[in-house]
Amino acid sequence: MASKKVTAVIKLQCPAGAATPAPPIGPALGPHGVSAPKFVQEFNDRTKNMERGLIIPVVLTVYADKSYTFILKTPPAAVLIKKALKIEKGSGNPLLNKVGTLSKKDLEEIAKTKLPDVNANDLEAAKKIIAGTARSMGVEVEH
């Protein structure tokens, strides 16, 4: 089987089940000859069982014949932390203003969710990475 020639790799972050061909998706795909409405339809079909509106990173590989494949990644750690704490955004000044406290249980749940995509060998290392993200957002982490 001959492999197809890859012409582009596009990374996007789209809301699960609610993506539209409007910017930023349409303009990112247009120059590569990919049909934005077709991609949006496939993306929404694959993410319809996820929580609606949760940001999902996508890696889209475009081939020379204008066909494409895409891989869904796990949501960014910051998005999962905000969801766990039910906050709108992190702190503008994380050293002085704390916006919440992440429990050990929540930290472990987020680390388990992110494990396939995070650069860590085990759950403990993943928990340290997530804890670092939380601290940079002004969120305290239980020890």
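- Identification of the chain as Large ribosomal subunit protein uL11 from Treponema porcinum is taken from an unreviewed UniProt entry.
- Looking at the Sequence similarities (unreviewed entry) heading of the UniProt record, one finds this comment for the chain: "Belongs to the universal ribosomal protein uL11 family."

## Description of the overall build of the chain
Thought 1: Summing up its helical and strand segments, the chain has five helices and five strands in all.
Thought 2: In the chain, the order of α-helices and β-strands from amino to carboxyl end is β-α-α-β-β-α-β-α-α-β.
Thought 3: Seen through its principal axes, the chain has C-alpha atoms that stretch 50 × 35 × 30 Å.
Thought 4: Taking all 143 residues of the chain together, 38% fall into the buried category.
Thought 5: Sequence-distant contacts in the chain: of pairs separated by 6 or more residues, those separated by 24 or more amount to 60%.
Thought 6: Summed over its atoms, the accessible surface of the chain is roughly 8,600 Å², and 54% of this surface lies on carbon and sulfur atoms.
Thought 7: In the chain, the 21 positive side-chain charges and the 13 negative ones have mean positions that sit 5 Å from each other.

## A look at the side chain of Thr74
Thought 1: Take Thr74: it is sitting in the loop between strand 3 (68-72) and helix 3 (77-85).
Thought 2: Judged by its relative accessible area of 15%, Thr74 falls in the buried class.
Thought 3: Polar side-chain contacts of Thr74 include one of 3.2 Å to the side chain of Lys114.
Thought 4: Not counting residues up to four positions away in its chain, the partners in contact with Thr74 are Pro57, Thr113, Lys114 and Asp117.

## Observations regarding the nonpolar core
Thought 1: Core analysis: the largest hydrophobic core is formed by 21 residues, its most contacted members being Cys14, Ile25, Leu29, Phe39, Phe43 and Leu60.
Thought 2: Where this core is concerned, the elements lending two or more residues are strand 1 (6-15), helix 1 (25-29), helix 2 (36-47), strand 2 (55-63) and strand 3.
Thought 3: Leave out the neighbours within four places in its chain, and Leu29 touches Ile10, Leu12, Val34, Ala36, Phe39 and Leu60.
Thought 4: Within the second largest apolar cluster, 17 residues are counted, among which are Ala77, Leu107, Ile110 and Ala126.

## Thoughts on the packing of helix 3 against helix 5 (residues 123-136)
Thought 1: At a minimum axis distance of 10 Å, the contact between helix 3 and helix 5 shows a crossing angle of 70 degrees. Considering the angle they form, helix 3 stands roughly perpendicular to helix 5. When helix 3 is examined against helix 5, the residues Ala77, Ala78 and Ile81 are found in contact with a partner set consisting of Ile130, Thr133 and Ala134.
Thought 2: The class makeup of the residues in the contact of helix 3 with helix 5 is five nonpolar, one polar and no charged.

## Considering the packing of aromatic side chains
Thought 1: In this structure the tally under the stated criterion is four aromatic pairs.
Thought 2: For the ring pair Phe39 and Tyr68, a centre distance of 6.2 Å and an interplane angle of 70 degrees mean the geometry is edge-to-face. With Phe39 in helix 2 and Tyr68 in strand 3, this residue pair connects regions lying 29 residues apart in the sequence.
Thought 3: Judged by its relative accessible area of 0%, Phe39 falls in the buried class.
Thought 4: Members of the aromatic cluster, connected to one another through ring pairs, are Phe39, Phe43, Tyr68 and Phe70.
Thought 5: The ring of Phe70 carries Arg46 above its face, with NZ or CZ at 4.1 Å from the centroid.

Quick notes on the rules
Residues numbered from 1 in each chain as written. Predicted model: local features only at pLDDT ≥ 70, side-chain atom pairs only at ≥ 80, totals over all residues. Heavy atoms only, no water. UniProt positions renumbered as here; feature names shortened; annotations may be inferred. Helix = DSSP H or I, 4+ residues; strand = E, 2+ residues; numbered from the N terminus. Buried < 20%, exposed > 50% of the residue type's maximum accessible area, 1.4 Å probe, protein only. Contact = heavy atoms within 4.5 Å. Areas by Shrake-Rupley, 256 points an atom, 1.4 Å probe, with all protein chains shown as cover. Lys, Arg positive; Asp, Glu negative; His and termini not counted. Charge placed at Lys NZ, Arg CZ, Asp CG, Glu CD. Polar contact = N/O pair within 3.5 Å; in protein donor to acceptor, adjacent residues only side chain to side chain. Core = buried A, V, L, I, M, F, W, Y, C linked by side-chain atoms within 4.5 Å. Axes fitted to C-alpha atoms, helices over the stretch in contact; angles between N-to-C directions. Parallel < 35°, antiparallel > 145°, perpendicular 65-115°, else oblique. Nonpolar A, V, L, I, M, F, W, Y, C, P; charged D, E, K, R; others polar. Phe/Tyr/Trp six-rings, centres within 6.5 Å; stacked < 30°, edge-to-face > 60°. Lys NZ or Arg CZ within 6 Å of the ring centre and 35° of its normal.

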